[in-house]
Amino acid sequence: MANNFNFVLFVILIYNINGNDGATTYTIDDSVGHERTFTGIGAISGGGATSKLLVNYPDQQRSEILDYLFKPNFGASLDIFKVEIGGDMQSTDGTEASHMHYSWDEDYTRGYEWWMLKEAKKRNPNIKLYGLPWGFPGWLSDSHGLPWKNMETTADYIVKWVHGAKVHHNLNIDYIGIWNESPYRTSYIKILRKSLDNAGYKHTLIVAPDEFHWGIADQMAKDKELANAVYAIGAHYPKTTSTHSAQQTGKSLWSSEDSVWGQNTAETLNQNYINGYMTTTIFWNIITSYYPGLHDYNAGLMSAIEPWSGHYQLKLPIWEIAHTTQFTDIGWKYFKHGHGVGKFNNGGTYVALTSPDGKQLTIIIETMTSPEHGSRLAEQPVKFELKGNIAKNVHSLHVWHTDTKHSSKYFQKQDSIKVVGGSFSLTLKEHEVWTLTTVNTGHKGEYQHIPASKPFPLPYTENFEGYNVGQEPYYFAQQIGSFEVEESGGHKYMKQVLIDVPVHWYYCHVDSYKTSFNIFGDHNWKDISATVSVQIKGHNISDGVFLAVRSSMSGCKTRDQIKGLFMFFFPKERTFTLSTDLYRTKVLASGKVNKVTNSWDVLNLQVQGSRIVGSVNGEKLFEKTAPTEIAHGWVAVGTYPFGIAWFDNFKVEKVSSSIIGR
């Protein structure tokens with residue numbers, strides 16, 4: 001009799017959970033209270049030079065791109081914008097200039113992050129701003145290549161950046177980091193907190209450590225001063241999990257750098273909270289606006305790689321992020337796990353949030369996640385039951401839907417769902433994102449007539465006269481060293497300014513070889529002629545300069561995998577070297593240069609098929625056969641070693657039999 005009773009009870013339970021329509025019921029209930037506070041979704045410009053090409057886009061297209069990223073209720077509608085604090089070192093796809101190349105130098109106009117921060121703030125005054133160094137200029141280095149020679153000085157360097165943002169750009173920096181994915185010092189974190197406070201920036205909060213782990217939580221448990229100094233614990237690529245120790249600190253937990261490749265973006269956002277209680281996710285990178293062929297190409301929320309044509313491309317992550325950001329705000333509360341946050345039985349996840357007054361409701365659903373038990377279903381009927389105060393406030397829900405397999409079906413507004421008797425149902429399919437919300441301001445922004453893609457325009461000439469002093473020339477993408485426009489004698493030139501080996505990002509050591517490197521153009525160029533005028537003069541100068549064609553591989557892979565045709569010129573020694581690598585370990589030719597002006601010397605390098613010809617001041621130095629494996633690549637200039645050198649009258653053109661060797 002007991003067995004029969006248990007069987008009947010089991011059947012009743014199944015009926016209550018699944019209902020007579022086969023739908024599984026999931027509860028959204030605020031009567032049990034709420035959980036953590038939502039602290040926003042963001043993206044990163046930097047780490048490094050990932051927005052390099054954007055600044056030179058035509059005004060109309062550039063404004064449209066920025067709207068898709070930052071404008072509320074239009075596209076991604078980001079809550080947080082994180083940028084690299086330039087440190088004159090290679091940080092993935094290039095070098096971003098420091099505001100202090102040297103201890104005696106300060107300039108808060110360098111680079112493009114200031115401009116981008118202001119554009120973000122102009123579109124969304126409530127967006128939070130976050131700065132993080134990937135490395136530091138060499139004058140802050142100790143004997144081990146770490147920025148701890150004097151921690152107070154390093155902290156002051158960061159405080160000056162925060163102060164420069166305020167004084168020169170009217171920007172309040174909300175969050176500051178320590179040192180990207182590199183060994184941190186807890187003593188430095190505490191010093192930085194004191195330095196910010198003493199300078200009047202108590203509102204600038206520290207996110208730490210921006211590393212691949214949550215180990216700082218254990219240190220914070222033993223060090224009250226450290227715990228008080230850190231606002232949020234930030235981990236990189238946490239794979240949706242955090243540690244029990246981190247969760248017990250009571251601090252906000254952030255995925256302070258995550259990816260839009262690999263795992264689906266909507267899946268990452270939901271699971272970061274479901275599995276790891278992370279209330280912020282920040283994606284690297286905000287936009288692929290760097291040359292194809294560089295490291296981790298196409299890793300952005302969208303892409304803009306052709307400023308000469310104005311062409312750009314929207315991508316799925318823009319709209320997956322919009323499913324959360326357009327229908328929540330920083331300060332909203334997550335419902336508790338099991339009462340509005342969880343996983344569906346047959347694949348997918350859901351998270352529910354409410355406004356601070358408890359009157360608004362947003363539910364974000366994704367169906368990319370595989371089920372923990374059982375099998376994924378092509379269709380999955382689900383029923384949501386509202387309980388508590390939220391059931392009294394919600395009578396219908398606006399619906400936004402994305403079919404991730406069809407770009408024409410991204411972020412589409414659907415008919416509203418009626419909430420009857422505190423419940424509603426829907427049928428989920430694979431590869432979908434849903435937002436069910438009381439918020440009525442959602443909007444899919446759209447601009448028509450994106451210009452067609454075009455190749456890089458040749459011939460191209462540059463005399464640098466159209467730039468402001470201190471500005472980076474647009475189409476040059478510095479990989480090692482720091483190049484900026486300088487004025488002398490009433491004329492402007494491009495100048496390599498780095499003189500010290502910088503404190504490198506912990507996972508990238510190419511700066512240690514003291515060879516600056518600045519690429520230009522198209523990674524697919526084959527038959528090309530490049531010309532540049534060079535001069536080495538003054539103090540802290542370099543010994544030599546180079547001009548290169550068919551340069552391939554870059555970023556942190558430069559040291560071991562670079563290929564190209566590099567013509568080095570050493571005017572003081574009156575010599576040249578032609579090598580197939582940046583560090584002159586594979587020499588094709590070398591010798592004397594007879595025509596040296598001791599002023600401006602003109603270098604020309606031409607390649608057609610397997611034939612390569614080089615000259616200085618019209619004097620033909622060599623005609624050689626290029627190795628077959630060096631088939632295409634960028635044009636590039638640079639110096640060896642680090643030191644001052646000047647470049648002018650740069651020209652690139654397609655090579656033809658009429659100009660080769662002339």
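Bear in mind the structure is a predicted one, so any value in this text is a computation, not a measurement.

**Q** Describe in detail the overall build of the protein, supporting the description with residues and values.
**A** The number of helices and strands found in the protein is 12 helices and 36 strands. At 28 Å, the protein has a C-alpha radius of gyration in line with the 26 Å of a compact globule built from 662 residues. Along the first, second and third principal axes, the C-alpha atoms of the protein reach 105 × 55 × 45 Å. Among the 662 residues that make up the protein, the fraction classed as buried is 61%. Of the contacts formed within the protein by residues at least 6 apart in sequence, a portion of 71% connects residues at least 24 apart. Taken as a whole, the protein presents about 25600 Å² of accessible surface, with 48% of it coming from carbon and sulfur. Looking at the protein, you have 60 positive and 65 negative side-chain charges, and the mean spots of the two groups are 1 Å apart.

**Q** Summarise the side chain of Thr 95; cite the residues concerned and give the values.
**A** Of note, Thr 95 is situated in the loop between β4 (80-85) and α3 (113-123). If sequence neighbours within four positions are ignored, Thr 95 has contacts with Ala 49, Asp 88, Met 89, Gln 90, Gln 478, Gln 479, Ile 480 and Gly 481.

**Q** How would you summarise the sheet that holds strand β9 (residues 252-259) if you had to cite specific residues and measurements?
**A** Strand order in the closed barrel made by the 8 strands is β3-β4-β5-β6-β7-β8-β9-β10, with parallel pairing throughout. Inspection of the sheet shows strand β3 (residues 40-45) paired to β4 by 4 bridges, in the parallel sense. Bridging across to β4, Ile 44 finds its partner in Lys 82.

**Q** Requested: an account of the sheet that holds strand β23 (residues 476-480), with residues and values cited.
**A** Reading across the sheet, the 7 strands line up as β23-β26-β35-β28-β29-β30-β31 and stay open at both edges, with antiparallel pairing between neighbours. Looking at which strands have only one partner, the edges of the open sheet turn out to be β23 and β31 (587-592). Going across the sheet, the axis of each strand differs from the next one's by a mean of 15 degrees, ignoring polarity. As defined by bridge partners, β23 adjoins strand β26 (residues 517-520) across 4 bridges and the pair is classed as antiparallel. In the sheet register, Ala 477 faces β26, and the bridge partner there is Ile 519.

**Q** Which residues make up the nonpolar core, and what are the values?
**A** Phe 81, Ile 176, Ile 189, Leu 192, Ile 286 and Leu 301 are the most contacted members of the largest nonpolar core, which totals 96 residues. A per-element tally of this core places helix α4 (residues 151-169) first, with 8 residues. Listed in part, the 78 residues of the second largest apolar core include Trp 525, Met 567, Phe 568 and Leu 603.

**Q** Describe in detail the side chain of Asp 648, supporting the description with residues and values.
**A** Of note, Asp 648 is situated in strand β36 (residues 645-654). Summary of buried charges: Asp 648 has no salt-bridge partner, and the nearest side chain of opposite charge, Lys 537, is 10 Å away. When neighbours within four sequence positions are excluded, Asp 648 is seen to be in contact with Glu 462, Asn 463, Phe 464, Lys 492, Tyr 493, Val 532, Ser 533 and Trp 600.

**Q** An account of the confidence of the model for the protein is requested, with residue identities and associated values reported.
**A** Summary statistics for the protein give a mean pLDDT of 94 and a share of 94% for residues scoring 70 or more. Across residues 1-20 the pLDDT falls below 50, and counting only partners more than four positions away or on other chains, this stretch makes 8 contacts in the model.

**Q** I'd like a rundown of the pairing of strand β35 (residues 634-640), residues and numbers included.
**A** Buried residues dominate β35, accounting for 6 of its 7 residues. Bridge count for strand β28 (residues 544-552) against β35 is 6 bridges, and the pairing is antiparallel. Bridging across to β35, Gly 544 finds its partner in Tyr 640.

**Q** Mind laying out the packing of helix α9 (residues 265-276) against helix α10 (residues 316-325), listing which residues take part and the relevant values?
**A** Working note: a packed helix pair is described by the angle between its axes plus the distance between those axes. Contact geometry for α9 and α10: axes closest at 8 Å, N-to-C directions at 35 degrees. Judged by residue contacts, Thr 265, Ala 266 and Leu 269 of α9 engage Pro 317, Glu 320, Ile 321 and Thr 324 from α10. In terms of residue class, the contact of α9 with α10 is made up of 4 nonpolar, 2 polar and 1 charged.

**Q** Help me get a handle on a nonpolar patch on the surface, residues and values and all.
**A** Judged by side-chain polarity, Phe 212, Tyr 506 and Tyr 507 come together as a nonpolar surface patch covering roughly 330 Å² of accessible area. When you line up the elements, Phe 212 lands in the loop between β7 (205-211) and α6 (216-222).

**Q** For the packing of aromatic side chains, give the residues involved together with the corresponding values.
**A** Tallied over the full model, the rule gives 64 aromatic pairs. When the centroid spacing of 6.1 Å and the interplanar angle of 80 degrees are considered together, the rings of Trp 261 and Trp 284 count as edge-to-face. Here Trp 261 is found in the loop between β9 and α9, whereas its partner Trp 284 is found in strand β10 (residues 278-284), with 23 residues between them in sequence. A relative accessible area of 39% places Trp 261 in the partly exposed class. Within the aromatic cluster, the residues linked to one another by ring pairs are Trp 308, Phe 456, Tyr 460, Phe 464, Tyr 475, Phe 476, Phe 520, Trp 525 and Phe 650. Lying across the ring of Trp 646, Lys 537 places its NZ or CZ 5.2 Å from the centre. Sitting above the plane of the Tyr 640 ring, Arg 584 keeps its charged end 4.6 Å from the centroid.

**Q** Summarise α10; cite the residues concerned and give the values.
**A** Count 3.6 residues to each turn of an α-helix, and residues three or four apart come out pointing the same way. In terms of residue burial, α10 counts as a mostly covered element, since 10 of its 10 residues are buried. Listed as buried for α10 are Leu 316, Pro 317, Ile 318, Trp 319, Glu 320, Ile 321, Ala 322, His 323, Thr 324 and Thr 325.

**Q** Any chance you could break down unusual backbone geometry for me, citing the residues and the numbers?
**A** A cis geometry characterises the amide bond from Leu 458 onward to Pro 459, with omega recorded as 0 degrees. Within the secondary structure, Pro 459 sits in the loop between β21 (432-437) and β22 (460-462). The omega angle of the peptide bond from Tyr 640 to Pro 641 is -10 degrees, so this bond is cis rather than trans. Structurally, Pro 641 can be placed in the loop between β35 and β36.

**Q** Requested: an account of the environment of Asp 258, with residues and values cited.
**A** One can find Asp 258 in strand β9. For the pair Asp 258 and Gly 94, spaced 164 residues apart in sequence, the C-alpha to C-alpha distance is 20 Å. Ignoring sequence-local partners within four residues, the contact set of Asp 258 consists of Tyr 237, Pro 238, Thr 268, Asn 272, Thr 281, Ile 282, Phe 283 and Trp 284. Of the polar contacts made by the side chain of Asp 258, one reaches the side chain of Ser 255; its length is 2.7 Å.

Analysis parameters
- Residues numbered from 1 in each chain as written.
- Predicted model: local features only at pLDDT ≥ 70, side-chain atom pairs only at ≥ 80, totals over all residues.
- Heavy atoms only, no water.
- Helix = DSSP H or I, 4+ residues; strand = E, 2+ residues; numbered from the N terminus.
- Rg over C-alpha atoms; globule rule 2.2 N^0.38 Å.
- Buried < 20%, exposed > 50% of the residue type's maximum accessible area, 1.4 Å probe, protein only.
- Contact = heavy atoms within 4.5 Å.
- Areas by Shrake-Rupley, 256 points an atom, 1.4 Å probe, with all protein chains shown as cover.
- Lys, Arg positive; Asp, Glu negative; His and termini not counted.
- Charge placed at Lys NZ, Arg CZ, Asp CG, Glu CD.
- Pairing = 2+ DSSP bridges.
- Axes fitted to C-alpha atoms, helices over the stretch in contact; angles between N-to-C directions.
- Core = buried A, V, L, I, M, F, W, Y, C linked by side-chain atoms within 4.5 Å.
- Salt bridge = Lys/Arg side-chain N within 4 Å of Asp/Glu carboxyl O.
- pLDDT = per-residue confidence, 0-100.
- Nonpolar A, V, L, I, M, F, W, Y, C, P; charged D, E, K, R; others polar.
- Patch = residues over 30% accessible without salt bridge, like charges linked within 9 Å, V, L, I, M, F, W, Y side chains within 5 Å.
- Phe/Tyr/Trp six-rings, centres within 6.5 Å; stacked < 30°, edge-to-face > 60°.
- Lys NZ or Arg CZ within 6 Å of the ring centre and 35° of its normal.
- Polar contact = N/O pair within 3.5 Å; in protein donor to acceptor, adjacent residues only side chain to side chain.

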